[in-house]
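Here is what each chain is made of, one letter per residue.
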Amino acid sequence: HVVVEQNEMSPTQHDIIRDVFIPENQHFTPAPKHMRPALGRCTDGAECVNFVSCPAHVRMASKQFCEILGGSKGICCKSGQNHTDPSKDQSQHPILRLDIGALRAVCRKVRQELMELRSREIQLLLSRESTILHPGSASYSHYRNSRRFNTDEMAQVSHMASRAMEIAIATRAFKEREGISNTQLELGMIDEDLSQTPLGHNCVQMPLCPISAEKYRRIDGSCNNRLYPNWGIALSPYSRLLPPDYQDGIWTPRTSKINSEVLPSPRLISTTIFYEKDVPNNDYTLLLMQFGQLLSHEITQSLDFTFDNGSAISCCLQDGTDALPIQHRHYACMPIEIPGNDQFFGVFNQRCMNFVRSILSPRHDCSFGYAQQMNKVTHFIDGSSIYGSTPEQTGELRSFDGGRLKVFYDFGRELLPLTKDADACLTMERGSACFTSGDTRTNQMITLVVMHTIFLREHNRVAGILQHLNPHWNDERLFWEARQIVVAKMQVVVYKEFLPTLLGDLTMEEFDLHLAKNYEYSFEYDERVEPSVINEFAAAAYRFGHSMVNGLLKIYGPTKTEEMIFIPEIMFYPSRMRMRTFLDEALTTLTTEPIQDVDESLTEALTNYMFRGGNPYGVDLAAFNIQRGRDHGLRAYNDYRELVGMSRYTSFEHFGPNIGNKLSSLYKTVDDVDLWVGGLLEEKAAGSILGQTFKNIIAEQFSRLKKGDRYFFENAPNINPGYFSPDQLFELRKASMSRLICDNSDGILLARQASNAFRKPGVPG
Ligand code: HEM
């Protein structure tokens, strides 16, 4: 197994370890830079790229098509995948600037509105209406997903979110004053750096990066890109494939294209389109789902607004029979209406599902513009789910002994450390367990806890081996080296096993997602590629995973099924982890049971019972996904079909007669269909378990996360300050999910593993 050393160190360190690591036999074979054959012949120096890869403002100006590798249609893109290309369609929409008079008026308006918002918040907190959500309900567990790590983090996040809110309010005031159109806002035509204005206190300071590169990637993701050191940093905005669709161009959710009517209730869409049905896909194991969720938490987390004092916001009457009257609602409320005839919630007289909008993030360029949602975690695949996204978080997770992370020893087994945060699980009673890790959603599903445990143990295992080989290394050195190796292994699993399984080989080729081979370095890094998580990915496409979830977790004993666990029973209640055999049992289930197929069947464990705890009913994840898409200003599905190079649907029938009928009973026009809904209903693309639209958005995201990450493990020495040696790369590329499981399970029940843990045993690939 790989035991590796780094070969770029300070002179003293180098002296000490020279005898330990001698890169004698360096098989240095640089991988050739991938050149796309542009069969359609792009002119003017344009590059032939996948439609989705060409930045929106550049793509809009190009009408020349080409053929990319594998025969798919691409677009001749002037900037390639370069997100720094400044060109905007200035001819049609002149750049707007702010004069000093307008600025003063805007600032006055902002001050006044902020004061009003604050006093209203105080009134709401003091009011006797049920404006605060209390523990015990399913809605409160939903809120648990956006828990802050501690009070310091809460303060920092709130501070950033209020700055962003201030800019959104200022944008609205400016828009109203100057008569700016939504299109101008969408296209980012207000070219005003606010940093030198009275609104400048809302701008976020650029991180200070040392001139000579740091060997280890930073915990908060800063200073990865030398030109844009805040790209990919924690607490920064999502990027976008297309400009948002907000009714006011700024933050008000979109309405129907027909007469601006309200869009159908997300719960009604959920019950009309999605249904409970067992449709296993026997090619893939449930681990695809569970690793998929871990990976989503690794790169994205949006947070709900809270009251200034951290209390969770309630948008419904306490008994759920209606939404709170508008005068008692927080401005971030966007409650989901439950139709009166809802077959499930109707029984409990529920007419309102709590939904609070995502907090906003200051814009990178500190300008006026539409609202941007905040990603709380680092955007990179950098182990933030294991180590946290702030140095303080990492400090709390480290044991500061032998480079290891803290563990909870439970009868000789290493589990994640227990948390003291009473809000992290349903219960903290004696005998139960509630864990902490780099991510605050860890306890949401017990099988997610299992994944976190595997990676925690892997870190400590690697640290232990490094210590054995390098007894002169101190805790600090051991920690950072082990982290670098674990992150590299995670990247190998993602690009060597997970993505090919999800996307298929052709798409891996089209998007240059394959890892380099053997001893090769990669030279694919492009500092003009913006790695940040794409809003359409986080709020819709990557949520395809909810369709893979099986509502029942079958637990096998040594010979037969021992228990069927209905998953709402193990959400935010991971105490079973303390049973000696559970980890191995859960791993057996994950690596042998099938996923549910990605389609319109969705377990009612997620649509009716999610987070129910001890209650008879829970909340609806499908409805949340739809509402979240609207909250984040995602455009309708049709726009994204076009984006990935397909023709728009002009009639509901294009979805097929049955679904088409259902959709037409809900939406006023086919141009209103939500992205998450349309994407899931698409036919599967060849070689993938996803339809074309989701497949392209997801492939583009992982292309950016590879090409836009200077510290990507296989990047060459002139790119990656923490580069590995060719021999080390050769060893690291052997990493696999199966190996991670074998090395870190309890070895009580698990004896054998298929080589690809994401494929059902016996299925080739
Ligand atoms: C039992 C399993 C799962 C449960 C209970 C669950 C639950 C949730 C919940 C409650 C949210 C927040 C919804 C909102 O308020 O907008 C969410 C978000 C999300 N989920 Fe899942 N999920 C599961 C599995 C998965 C899987 C398998 C994937 C992908 C393969 C996935 C991808 C995502 C993504 C990308 C988000 C958005 C994260 C963010 O940006 O905040 N989830 N999920």
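Residues numbered from 1 in each chain as written. Predicted model: local features only at pLDDT ≥ 70, side-chain atom pairs only at ≥ 80, totals over all residues. Heavy atoms only, no water.

## Focus on the overall build of the protein chain
Stage number 1. The helix and strand inventory of the protein chain stands at 23 helices and 13 strands.
Stage number 2. Its C-alpha radius of gyration of 25 Å places the protein chain within 12% of the 27 Å reference for a compact globule of 765 residues.
Stage number 3. Dimensions of the protein chain, computed from the C-alpha atoms along their principal axes, are close to 70 × 65 × 50 Å.
Stage number 4. Within the protein chain, buried positions represent 63% of all 765 residues.
Stage number 5. Taking the intrachain contacts of the protein chain between residues at least 6 apart in sequence as the baseline, contacts between residues at least 24 apart amount to 77%.
Stage number 6. Here the protein chain displays about 29,600 Å² of accessible surface, and carbon together with sulfur accounts for 51% of that area.
Stage number 7. The centroid of the 79 positive side-chain charges in the protein chain is displaced by 1 Å from the centroid of its 92 negative side-chain charges. (Helix = DSSP H or I, 4+ residues; strand = E, 2+ residues; numbered from the N terminus. Rg over C-alpha atoms; globule rule 2.2 N^0.38 Å. Buried < 20%, exposed > 50% of the residue type's maximum accessible area, 1.4 Å probe, protein only. Contact = heavy atoms within 4.5 Å. Areas by Shrake-Rupley, 256 points an atom, 1.4 Å probe, with all protein chains shown as cover. Lys, Arg positive; Asp, Glu negative; His and termini not counted. Charge placed at Lys NZ, Arg CZ, Asp CG, Glu CD.)

## Some thoughts on the environment of D599
Stage number 1. Tracing the sequence through the fold places D599 in the loop between β13 (594-596) and α16 (604-607).
Stage number 2. You can call D599 buried: its relative accessible area is 13%.
Stage number 3. The sequence separation of D599 and V279 amounts to 320 residues, and the corresponding C-alpha distance is 8.9 Å.
Stage number 4. Apart from residues lying up to four places away in sequence, D599 is in contact with V279, S547 and L680.
Stage number 5. Within the local environment of D599, its side chain forms a polar contact with the side chain of S601, the two groups lying 2.7 Å apart. (Polar contact = N/O pair within 3.5 Å; in protein donor to acceptor, adjacent residues only side chain to side chain.)

## Thoughts on empty space enclosed by the protein
Stage number 1. Summed over the entire model, instances satisfying the criterion amount to 10 cavities of 30 Å³ or more.
Stage number 2. Approximately 760 Å³ is the volume found for the largest cavity.
Stage number 3. Around the largest cavity, the lining is made up of 38 residues, and of these H297, Q444, R543, H546 and L621 lie nearest the centre.
Stage number 4. For the lining of the largest cavity, the secondary structure elements donating two or more residues are α8 (286-299), α14 (535-539) and α17 (621-631).
Stage number 5. A class-by-class count of the residues in the lining of the largest cavity yields 18 nonpolar, 16 polar and 4 charged.
Stage number 6. Its volume calculated, the second largest cavity comes out at about 110 Å³.
Stage number 7. The wall of the second largest cavity is formed by 14 residues, among which R217, Q484, V487, Y711 and F724 lie closest to the centre. (1 Å grid on protein atoms, 1.4 Å probe; cavity = no way out; pocket = protein on both sides within 12 Å on 5 of 7 lines; lining within 4 Å. Points joined across faces, edges and corners; volume = space filled by probe spheres on them. Nonpolar A, V, L, I, M, F, W, Y, C, P; charged D, E, K, R; others polar.)

## Topic: the coordination of the iron atom of the ligand
Stage number 1. Its sole protein donor being H546 (NE2), the iron atom of the ligand sits 2.1 Å from that atom.
Stage number 2. By the element assignment, H546 lies in the loop between α14 and β11 (552-556). (Donors = N, O, S within 2.8 Å, 3.2 Å for Na, K, Ca; no water.)

## Quick look at the packing of helix α3 (residues 100-126) against helix α5 (residues 151-178)
How two helices pack is summed up by the angle between their axes together with the distance between the axes.
Stage number 1. The interhelical angle for the contact between α3 and α5, taken along N-to-C directions, is 130 degrees, at an axis separation of 9 Å. On the basis of their axis angle, the class for α3 and α5 is oblique. Note on packing geometry: the crossing formed by α3 with α5 is right-handed. Contact with α3, carried on its side by G101, A102, A105, V106, K109, V110, E113, L114 and L117, involves E166, I169, A170, R172, A173, F174, E176, R177 and E178 of α5 and no other residues of that element.
Stage number 2. Of the residues belonging to the contact of α3 with α5, the class tally is 10 nonpolar, 1 polar and 7 charged. (Axes fitted to C-alpha atoms, helices over the stretch in contact; angles between N-to-C directions. Parallel < 35°, antiparallel > 145°, perpendicular 65-115°, else oblique. Left-handed = near helix turned anticlockwise from the far one by under 90°.)

## Digging into the nonpolar core
Stage number 1. In this structure, F291, F702 and M737 are the most contacted members of the largest nonpolar core, which totals 153 residues.
Stage number 2. Counting residues per element, this core draws most heavily on helix α12 (residues 475-503), at 17 residues.
Stage number 3. Among residues more than four places away in sequence, those in contact with F291 are M451, F455, V493, V494, F498, M737 and F758.
Stage number 4. A173, L199, Y246 and F305 belong to the second largest nonpolar core, which has 46 residues in total. (Core = buried A, V, L, I, M, F, W, Y, C linked by side-chain atoms within 4.5 Å.)

## Remarks on the site of the ligand
Stage number 1. Neighbouring residues of the ligand: 24 residues in total, closest H142, T300, S302, H546 and R628.
Stage number 2. Between R543 and the ligand, the recorded distance is 2.8 Å, taken from a side-chain N or O atom to an oxygen atom.
Stage number 3. Side-chain polar atom of H546 to a nitrogen atom of the ligand: 2.9 Å apart, as the coordinates give it.
Stage number 4. Here the ligand occupies the largest cavity.
Stage number 5. With 4 residues, α8 is the single largest residue contributor to the shell around the ligand. (Near = heavy atom within 4 Å. Sits in = over half its atoms within 2 Å of the grid points.)

## Describing the sheet that holds strand β2 (residues 65-67)
Stage number 1. The strand order β1-β3-β2 describes an open sheet built from 3 strands, whose pairing is antiparallel. Taken across any chain shown, the strands that pair with only one partner, and hence form the sheet edges, are β1 (47-49) and β2. Looking at each pair of strands side by side, their axes are set apart by 45 degrees on average, direction ignored.
Stage number 2. In this sheet, strand β3 (residues 73-77) lies alongside β1 in antiparallel orientation, the contact comprising 3 bridges. Paired with V49 across the strands is I75, a residue of β3. (Pairing = 2+ DSSP bridges.)

## With respect to the pairing of strand β12 (residues 561-566)
Stage number 1. As paired strands, β11 and β12 are joined by 5 bridges and run antiparallel to one another. Pairing of Y556 across the sheet is with T561, part of β12.
Stage number 2. Hairpin connection, β11 to β12: the antiparallel pair is bridged by 4 residues.

## Section: the state of the cysteines
Stage number 1. Scanning the entire structure with this criterion turns up 8 disulfides.
Stage number 2. Each disulfide pairs two cysteine sulfurs, and for C48 the partner residue is C66, the sulfurs being separated by 2.1 Å. Where C48 bonds to C66 through sulfur, the torsion about that S-S bond is close to 95 degrees, and the disulfide is right-handed. Remark: C66 occurs in strand β2 and C48 occurs in strand β1; sequence separation between them is 18 residues.
Stage number 3. On the basis of relative accessibility, which here comes to 2%, the residue C48 falls in the buried class.
Stage number 4. Paired through a disulfide, C316 and C352 show a sulfur-sulfur distance of 2.0 Å. On the sign convention where negative means left-handed, the S-S torsion of about -70 degrees between C316 and C352 marks this disulfide as left-handed. One end of the pair, C316, is in the loop between α8 and β6 (336-337); the other, C352, is in strand β7 (residues 352-353), and 36 residues separate them in sequence.
Stage number 5. Classification of C316 by relative accessible area gives buried; the value is 5%. (Disulfide = S-S within 2.5 Å.)

## Quick look at the pairing of β3
Stage number 1. For β3, the buried fraction is high: 4 of the 5 residues fall into the buried class.
Stage number 2. For β2 and β3, the ladder comprises 3 bridges, and the chain directions are antiparallel. Looking across to β3, one finds that C66 is bridged to G74.
Stage number 3. Connecting β2 to the antiparallel partner β3 that follows it, the hairpin turn spans 5 residues, and G70 within it adopts a positive phi of roughly 90 degrees.

## Re the pattern of salt bridges
Stage number 1. Counting across every chain of the model gives 47 salt bridges.
Stage number 2. Its salt-bridge partner being D674, residue R630 comes within 2.9 Å of it at the nearest N-O pair. Residue R630 is found in helix α17, and its partner D674 is found in the loop between α19 (657-666) and α20 (675-681); the two are separated by 44 residues along the sequence.
Stage number 3. Since its relative accessible area comes to 5%, R630 is described here as buried.
Stage number 4. The salt bridge partner of E682 is R641, with a shortest N-O separation of 3.9 Å. Linking E682 in the loop between α20 and α21 (692-707) with R641 in helix α18 (residues 637-643), this pair joins segments that are 41 residues apart in sequence.
Stage number 5. Judged by relative accessible area, E682 falls into the buried class, the value being 10%.
Stage number 6. Because the salt bridges share partners, they merge into one network encompassing E186, R635, D639, E642, R648 and D671. (Salt bridge = Lys/Arg side-chain N within 4 Å of Asp/Glu carboxyl O.)

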